[in-house]
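Structure assessment
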Number of protein chains: 2
Amino acid sequence: MQRGFAAALGTWRTKEGPLARSLSAAVREAVVDGRLPAGTRLPSERELARTLDLSRGTVVTALTLLRDDGWLHTRHGSGSVVRLPAQLTERTTPWSLDRGGAGDADLDLTLAVTAAPHEAYLAAVGRAVERSAALLVDSGVATPGLPRLRTLLAERYTRSGLATRPEQILVTSGAQAALTLLLDHLHTDRRAPVVVESPTYPGALAILRRRRARLLPVPVTAAYGWDTEHLAETVRGKGPQLAYLIPDFHNPTGAHMTAPARAAVAALAERHALTVVVDETMRDLDLRTPPRPEPHLCGARVIQIGSASKVLWSGLRVGWIRAGAALVRELARNPLQAQLSPPPLEQLIATELLHEGEGDGLDEVLVDRRSRLRAQRDHLAGLLTETDWTYTLPDGGLSLWLHLGGDTTATELAARAAKRGLAVSPGPLFAVDRATLTHHLRLPFTATPDVLTRAVGLLR
Amino acid sequence: MQRGFAAALGTWRTKEGPLARSLSAAVREAVVDGRLPAGTRLPSERELARTLDLSRGTVVTALTLLRDDGWLHTRHGSGSVVRLPAQLTERTTPWSLDRGGAGDADLDLTLAVTAAPHEAYLAAVGRAVERSAALLVDSGVATPGLPRLRTLLAERYTRSGLATRPEQILVTSGAQAALTLLLDHLHTDRRAPVVVESPTYPGALAILRRRRARLLPVPVTAAYGWDTEHLAETVRGKGPQLAYLIPDFHNPTGAHMTAPARAAVAALAERHALTVVVDETMRDLDLRTPPRPEPHLCGARVIQIGSASKVLWSGLRVGWIRAGAALVRELARNPLQAQLSPPPLEQLIATELLHEGEGDGLDEVLVDRRSRLRAQRDHLAGLLTETDWTYTLPDGGLSLWLHLGGDTTATELAARAAKRGLAVSPGPLFAVDRATLTHHLRLPFTATPDVLTRAVGLLR
């Protein structure tokens, strides 16, 4: 046990600061890493001191720090047991975005992601395990998706106004996997240009750049939305066959495409044989009360992709493609599909989370997430009233898209923040040319209010 | 409930044959599909008859069939409960390879895969769930792999003679995902040729063809192994920078590369700046008692890839790359990696399966799987003694590579078998040119002895 404990901690001594503090930080990291599972009983103070070659006093101080922060539960006479602090399991902020409590780690606000909805997720895993026996006797090789999951996703589309049959759904390991598969299938002439928004999601840019696709940017701003005139000119002038758009709480601006603009894009696509891949990853993160979703951007030339990653958790690698049944059949035969299809158990967990009427369904999780995110968004907005940075408060999504006033560029600001331990994403990361959007900065509101307060303090 | 039950069955009436038989088949399919979880209580016979619009007699007959085959457990007074027959959970054969018991479905011997090691897998899932709390509070975004999993995989390599540090391991969603990621990274000039074996694994051929890579085949036979002379000439003459080889229980021949041949390949690679990707997916499926593994094919220019898919279960989508730490760091930054990285929970399950000393570890599973596969291999070999088909009995792997005597081509034989309800993979599927190897046929011995008996009966 002692040797296992020391091994689980790793090389914690190399860290700076007092030994007791380093030791307590190492224990926290080991718990969060899964190297020390919650429930692990620690060796006695005496044994710890001997094994780790520390004074008894250092060990006692480290354990006290852990106990005070809720990482250790001590019952008199039966030693100390590692546990996960309640505040970690009851919120939307991932641990990795919030090492603030430790005082010895950086703040990383480059990711706009949430922690898993802890209880609902574990309940869904439990139900999935109960129902997994039938899966386990099968081959486990990739399919277009578990029948029940395809049905639930199709029903979800149908309920939100877009009639869909299960055969129109292909389950993938996320929206990026969906985009990769679609590009492999539809973007076969590598010199063919692809329309994207500017700014747009860096994950999509990375995939498109890796294919060396020529990118045709169409401006989007939070205040005025999509420049559909520019889009129409681009389509007429350059003849692209493919576009990638994020009409629902666009990443990073938070813009939301109006119903007339959606209809115009669909009509343009039809007229010019332009296939539009619509990323609906943020669609369910409508922060208005009640949510007022626009109709889906849809049409004969439109393919929807979605994902549970932003709505539920990035670690649940389940996304999907909604397309014509014929295209879905073709995609299912693409050699890449086998690798971009999530494991059966993961699909079963997603099925359980989507399944209505068993409690802890997606809709119930969403009500809670939306209210937390709304509070965090408004807290962040409040912090920014004293700056000369401007933004349009988004109706949904996970981040604010700031415009910095004065001569400061976002790249300089991000570099200065990095020196003070805060990582943020400057505008050029979201730019097609990597060089413009220098006065913009994306600030996700997926962190807790106190982390946001510290982050804005560091930025100013 | 009744409505749910009818919905779970799907459109079973379209099937041929007597209604009672179709109904019982539909219930079995629904259980195996996960639409009717084991433990589901059926409506009463009267309710079933009414809901499904059948005579009471038909329902009783269908339920009796299900009960006789172990799919239904009836306790007097409390109705019937769906369950999974014991014989399904206690063997290596996936359900989808063996619908023989039903008498109304095809035999599919095109997949060489096994069912999950049921108990060990579920135990590992249980332990993973217990330890998942820490993962769930984190962002869930892709990493190079869970630290503990990378450590266990590195230790496994080190124990088998190839010293490895955790930083040299990148966890992927399988060996094909590993190959895809490596090709995306290393095969950047799409006109550059790639060396492959002939025959070779169709999954790898599909990935390479999708990239339109020019393939340079090197002959491998079960009897004589690798034509290293031909390989050396190809490398000297055509200057390829990349090769994909399966030295351990080569798929489909079962050939096992000798230690001197391994050394020769590694030396050739070093001399000619040839990067060799070595697929070790079958390495642990050594069917000799005791196993006598050759040293790993290794060297400065050699990258190993592996997977739990053949050894444990295809549904556990966990594989890996072993390479230099610098290359692993680069690969982890490739935009494809995020999509080819398995979900954290799946990695935790793999970790628990690999972890020694908690029972049900991989080695324990392997002892059992090897003995079942050995028996199935020998059963298949026994069935073939009365044919004029020849083969070299492989020391490991999952299939026999048959040479058909006479004028019969494998493609004709496969076509005839398909008409009789048996799907098999003819030689050209494994050929670089898709046209040769016409007298070869791959027969996996992952099916149960009685299915193998029926399959060989149909083939002859």
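Preceding this section is the structure that the text describes.
The structure reproduced in this document is the subject of the present report. (Residues numbered from 1 in each chain as written. Chains lettered and ligands numbered in written order. Predicted model: local features only at pLDDT ≥ 70, side-chain atom pairs only at ≥ 80, totals over all residues. Heavy atoms only, no water.)

All names here are of chain B. Reading across the sheet, the eight strands line up as 4-11-10-9-8-5-6-7 and stay open at both edges, with mixed pairing between neighbours. Only two strands of the sheet have a single partner each, and these edge strands are strand 4 (169–172) and strand 7 (225–226). As judged from the three bridges shared by strand 5 (residues 194–198) and strand 8 (residues 242–245), these two strands associate in the parallel manner. Bridge pairing in strand 8 links Val-195 to Ala-243. Strand contacts of helix 9 (residues 175–186): strand 4, strand 8, strand 9 (275–279), strand 10 (302–307) and strand 11 (319–322), with the helix running at about 150 degrees to strand 10, the strand carrying the most contacts. (Pairing = 2+ DSSP bridges. Helix = DSSP H or I, 4+ residues; strand = E, 2+ residues; numbered from the N terminus. Contact = heavy atoms within 4.5 Å. Axes fitted to C-alpha atoms, helices over the stretch in contact; angles between N-to-C directions.)

With that out of the way, let us pick up the interface of chain A and chain B. Of the residues lining the interface, 66 residues belong to chain A; the matching set on chain B comes to 66 residues. Across the interface of chain A and chain B, roughly 5300 Å² is buried in total on both sides, 62% from carbon and sulfur atoms. Among the salt bridges present, the one from Arg-210 of chain B reaches Asp-184 of chain A, with a minimum N-O distance of 2.5 Å. Across the chain A-chain B interface, the total number found is 17 residue pairs in polar contact (both at pLDDT 80 or more). For the side of chain A that touches chain B, the secondary-structure elements that each account for two or more residues are helix 2 (19–33), helix 5 (86–89), helix 6 (118–130), helix 7 (133–136), helix 8 (147–159), helix 9 (175–186), helix 10 (202–210) and helix 14 (344–354) of chain A. Per-class residue counts for the side of chain A that touches chain B are 36 nonpolar, 19 polar and 11 charged. (Buried area = accessible area lost by both parts, 1.4 Å probe. Salt bridge = Lys/Arg side-chain N within 4 Å of Asp/Glu carboxyl O. Polar contact = N/O pair within 3.5 Å; in protein donor to acceptor, adjacent residues only side chain to side chain. Nonpolar A, V, L, I, M, F, W, Y, C, P; charged D, E, K, R; others polar.)

Turning our attention to the pattern of salt bridges. Residues and elements named next belong to chain A. On inspection of all chains with the given rule, the structure shows 32 salt bridges over all chains. The residue Arg-156 makes a salt bridge to Asp-363 at a minimum N-O spacing of 3.0 Å. Residue Arg-156 is found in helix 8, and its partner Asp-363 is found in helix 15 (residues 362–384); the two are separated by 207 residues along the sequence. The closest approach of N and O atoms between Asp-286 and Arg-288, which form a salt bridge, is 2.9 Å. With a relative accessible area of 3%, Asp-286 lands in the buried category. Residue classification places Arg-288 among the buried residues on the basis of a relative accessible area of 13%. Residues participating in the shared-partner salt-bridge network are Arg-127, Arg-131, Arg-148 and Glu-352. (Buried < 20%, exposed > 50% of the residue type's maximum accessible area, 1.4 Å probe, protein only.)

Here we take up the environment of His-439 of chain A. Residues and elements named next belong to chain A. Relative to the elements of secondary structure, His-439 occurs in the loop between strand 14 (425–426) and strand 15 (440–444). A residue is classified by how much of its surface remains accessible, and His-439, at 24% relative accessible area, is partly exposed. Along the backbone, His-439 and Ala-338 are 101 residues apart, and their C-alpha atoms lie at a distance of 42 Å. Sequence-distant contacts of His-439, that is, excluding residues within four places in its chain, are made with Leu-402, His-403, Leu-404, Gly-406, Asp-407, Thr-408, Thr-409 and Ala-410. Within polar-contact distance, the side chain of His-439 engages the backbone oxygen of Thr-408 at 3.0 Å.

For the rest of this paragraph, the subject is the packing of aromatic side chains. All names here are of chain A. Taken as a whole and assessed by the stated rule, the structure comprises four aromatic pairs over all chains. With centroids separated by 5.3 Å and ring planes inclined at 80 degrees, the aromatic side chains of Tyr-121 and Trp-313 adopt a geometry described as edge-to-face. Taken as a pair, Tyr-121 in helix 6 and Trp-313 in the loop between strand 10 (302–307) and strand 11 (319–322) lie far apart in primary sequence, 192 residues in all. When sorted by exposure, Tyr-121 lands in the same class as Trp-313, which is buried. On the basis of an interplanar angle of 75 degrees and a centroid distance of 5.3 Å, the ring pair of Trp-401 and Phe-430 is categorised as edge-to-face. Placement of the pair is Trp-401 in strand 12 (residues 399–403) and Phe-430 in the loop between strand 14 and strand 15, with a sequence separation of 29 residues. Its guanidinium or amino end placed over the ring of Tyr-157, Arg-322 lies 5.8 Å from that ring's centre, counting from NZ or CZ. (Phe/Tyr/Trp six-rings, centres within 6.5 Å; stacked < 30°, edge-to-face > 60°. Lys NZ or Arg CZ within 6 Å of the ring centre and 35° of its normal.)

A word on the pairing of strand 15 (residues 440–444) of chain B. In regular strands, side chains alternate between the two faces of the sheet. A large share of strand 15 of chain B lies buried, amounting to five of its five residues. Residues His-440, Arg-442 and Pro-444 of chain B of strand 15 of chain B are buried on one face, and the alternating residues Leu-441 and Leu-443 of chain B, pointing to the opposite face, are buried as well.

A few words now on the packing of helix 8 of chain A against helix 14 of chain A. Residue and element names in this part refer to chain A. Remark: helix 8 packs on helix 14, axes separated minimally by 9 Å, with the N-to-C direction vectors making an angle of 40 degrees. The orientation of helix 8 with respect to helix 14, classified from their angle, is oblique. Regarding helix 8 and helix 14, the two cross each other, and that crossing is left-handed. Taking contact as the criterion, the partners of Arg-148, Leu-149, Leu-152, Leu-153 and Arg-156 in helix 8 are, on helix 14, Gln-347, Ala-350, Thr-351, Glu-352 and Leu-354. For the contact of helix 8 with helix 14, a count of residues per class yields five nonpolar, two polar and three charged. (Parallel < 35°, antiparallel > 145°, perpendicular 65-115°, else oblique. Left-handed = near helix turned anticlockwise from the far one by under 90°.)

A few words on the relation of the copies chain A and chain B. For these two chains of identical sequence, chain A goes onto chain B by a turn of 180 degrees and a shift of 0.0 Å along the axis, with RMSD 0.1 Å. Viewed as a symmetry operation, the transformation between the two copies matches a two-fold axis. Within chain A, Leu-340 of chain A has its C-alpha nearest the rotation axis, a separation of 3.4 Å. The residues that chain A uses at the interface reappear at the interface of chain B in 100% of cases, marking a shared surface. (Least-squares fit on C-alpha atoms with pLDDT ≥ 70 in both.)

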